Structure formats: structure tokens, C-alpha cells
Amino acid sequence: MLDLFMSLEAWQQALIATLFTWSMTGLGAAIVFLTKGVSENFLNITLGFAGGIMIAASFWSLLAPAIEASADNPLGEWFPALVGVLGGALFIYLFDKLIPHRHRGDDMAEGLPYKASRRSTLLITSLTLHNIPEGLSIGILFGAAGLSDDPVMVLSALTLAIGIGLQNIPEGTAVSMPLRGDGASRRRAFFWGWMSAIVEPMAALAGVLLIGFMEPVLPYALAAGAGAMIFVVVEEVIPSTQKNGHSDVAVFAFMIGFVIMMVLDVALG
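Bear in mind the structure is a predicted one, so any value in this text is a computation, not a measurement. (Residues numbered from 1 in each chain as written. Predicted model: local features only at pLDDT ≥ 70, side-chain atom pairs only at ≥ 80, totals over all residues. Heavy atoms only, no water.)

A separate point is the overall build of the protein. The secondary structure content of the protein amounts to 10 helices and 0 strands. Traced from its N-terminal end to its C-terminal end, the protein shows the element sequence α-α-α-α-α-α-α-α-α-α. Here the protein holds 269 residues, and 48% of them are scored as buried. Expressed as a percentage of contacts within the protein between residues at least 6 apart in sequence, the contacts between residues at least 24 apart total 79%. Accessible area of the protein: about 12400 Å², with a carbon and sulfur share of 70%. (Helix = DSSP H or I, 4+ residues; strand = E, 2+ residues; numbered from the N terminus. Buried < 20%, exposed > 50% of the residue type's maximum accessible area, 1.4 Å probe, protein only. Contact = heavy atoms within 4.5 Å. Areas by Shrake-Rupley, 256 points an atom, 1.4 Å probe, with all protein chains shown as cover.)

Attention now moves to the UniProt feature "transmembrane region" (unreviewed entry) in the protein. Residues annotated by UniProt as "transmembrane region" (unreviewed entry) correspond here to residues 14-35, 42-63, 75-95, 189-211, 217-237 and 249-268. Taken as a whole, residues 14-35 contains 73% helix and 0% strand, while its terminal C-alpha atoms sit 33 Å from one another. (UniProt positions renumbered as here; feature names shortened; annotations may be inferred.)

Time to look at helix α6 (residues 151-181). In a regular helix each residue adds 1.5 Å, so 31 residues correspond to 45 Å; α6 covers 46 Å between its end C-alpha atoms and thus fits that length. In the structure, α6 departs most strongly from a straight axis at Asn168, where the bend amounts to approximately 30° and where the proline Pro170 lies between one and four residues downstream. Just downstream of α6, Gly183 is the residue with a positive phi angle, here 105°. (Expected span 1.5 Å × (residues − 1). Bend = angle between axes of the 7 residues up to and from the residue.)

Moving on: the packing of helix α2 (residues 10-29) against helix α8 (residues 199-213). Put simply, α2 and α8 touch, their axes get as near as 8 Å, and they point 155° apart. What the angle tells us is that α2 and α8 run roughly antiparallel. Viewed along their axes, α2 and α8 form a crossing whose handedness is right-handed. Seen from α2, the contacting residues are Ala10, Trp11, Ala14, Leu15, Thr18, Leu19, Thr21 and Trp22; seen from α8, they are Glu200, Pro201, Ala204, Leu205 and Val208. Looking at the contact of α2 with α8, its residues break down into 10 nonpolar, 2 polar and 1 charged. (Axes fitted to C-alpha atoms, helices over the stretch in contact; angles between N-to-C directions. Parallel < 35°, antiparallel > 145°, perpendicular 65-115°, else oblique. Left-handed = near helix turned anticlockwise from the far one by under 90°. Nonpolar A, V, L, I, M, F, W, Y, C, P; charged D, E, K, R; others polar.)

Have a look at this one:
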């Protein structure tokens, strides 16, 4: 099975990988069929775990390859990483200021004015927004692996997809349960929880195409994926786990997520 996957084109690998991560969001959203509610403590733990995975993936799966690919840069191998991280963060910041959304635990919406009365509607937008850099990162890494024809980099991209798939489980729950609380049926809550990550396969294909047409920007693109994910974690994921108590368990969950992703990437990548 792995040999068959390795023989595929980069865009096919990225599509399969992000269909997996999307399905993991559906798995998390499906908890709405099993329970009437999820405690804030549980969500804090799972989202803290997700944040740890994203931060570890940002370095080992994206920043480290970006720096390695910049060894011959005349300005220094640090330069593409610097530009990429800041550029990726700025990209998500602009989306954050333009697209109406609401973070978990916040009463005020962010972005341009929006008339939706339900918090869960804006929460879906928020989770969808933060799935964009995840899909882009997977696509960029698979695109880079296709250009280098390096099986180790393909394994690194697979590891990133596994890590993002794991952290997508609590994200699906974080969308479907508030929808259920707003009065949506279980099926409707599950559907929209799952659909909140539909952008990941689309963003992954865009990432592969970006690298295919702009090979010289590869280190910048890898670092931009890292910067975008770091921005999302610092601006949204971590703060949302610190607003309703139980902050210590969220921190330890973050550390567990971080070391699991670190071990996966070092062992498999």
C-alpha cells in the first residue's frame, strides 16, 4: 500500500492525505451522536493537544526542511525562513481581519461586520479559516517531495498529515457540539462540523500547484506554512483553552501533543 502511495503524483498524494485529515474532522464531529454535551474541560484538553501538534509540525515538518533547502541562499539560510514565517502569519492575519468569525469563548465577533445571530455560525467560519494553512502546508510539503523525488520527504509529508488528522478530531467536536447546543439536529451538527474542514483538500491542491509553478520559492512556501500555523495556534487555539478554567490540563495536553508529533516526525521523517 505504501509503495503504491509513493508511486502517485504529488497532487494525488496531497489529495489522499487531506481527504484523510478531513475524515478525521468528521470523526470528531460524530461525537454529537454519542452524547448530549461535552465539558469545557474536555474541549480545553483536546484543543491544547491539537495546538501542541501544530507547533511541533510547524518546526519539524516545515521550518526545518525550509532551512535545509536554503543552504545556498546568498543572504543566509535563515533568510527564507524569516520571510516565510512572517509572510505566512501576515497572510492569515489579513484573513482574520476580513472574514467574519468568532473564537470559542468570545462574545465579540472579529472581521468585517456580519449579521448572523448565532455564535456557532461564526465558530464554523473560524475553524474553516484555520484549516486553510493546514491544507496548504500539506500540499506544499507533498509538492516539495515531488520536486526533490526524495522518499524521506514524502514520509515527512505523510507524518504531517497524520499529525494534522489527529488534531482535527477535537476541532470537529468543537464545531458540532456548539451547533447542537444552538438547536441544530444531530445530523445537521455533524454535517457542518465535518464540512468545516472541506477547505483542507482544496488548499492542499493549491499548495501543490504553487510549488509546481514556483519552485524557487519552495523554502519560503514551507516557512510560510509554518508561520500560518503558528499564528493560528497563538492567536486562537491557545487563548481558547485559557478562558474557562482548567488551563493547567490544557498546557499539559499541549505538551503531550507536541512530543507525540515530534516523535512521529523524527521517527518516520
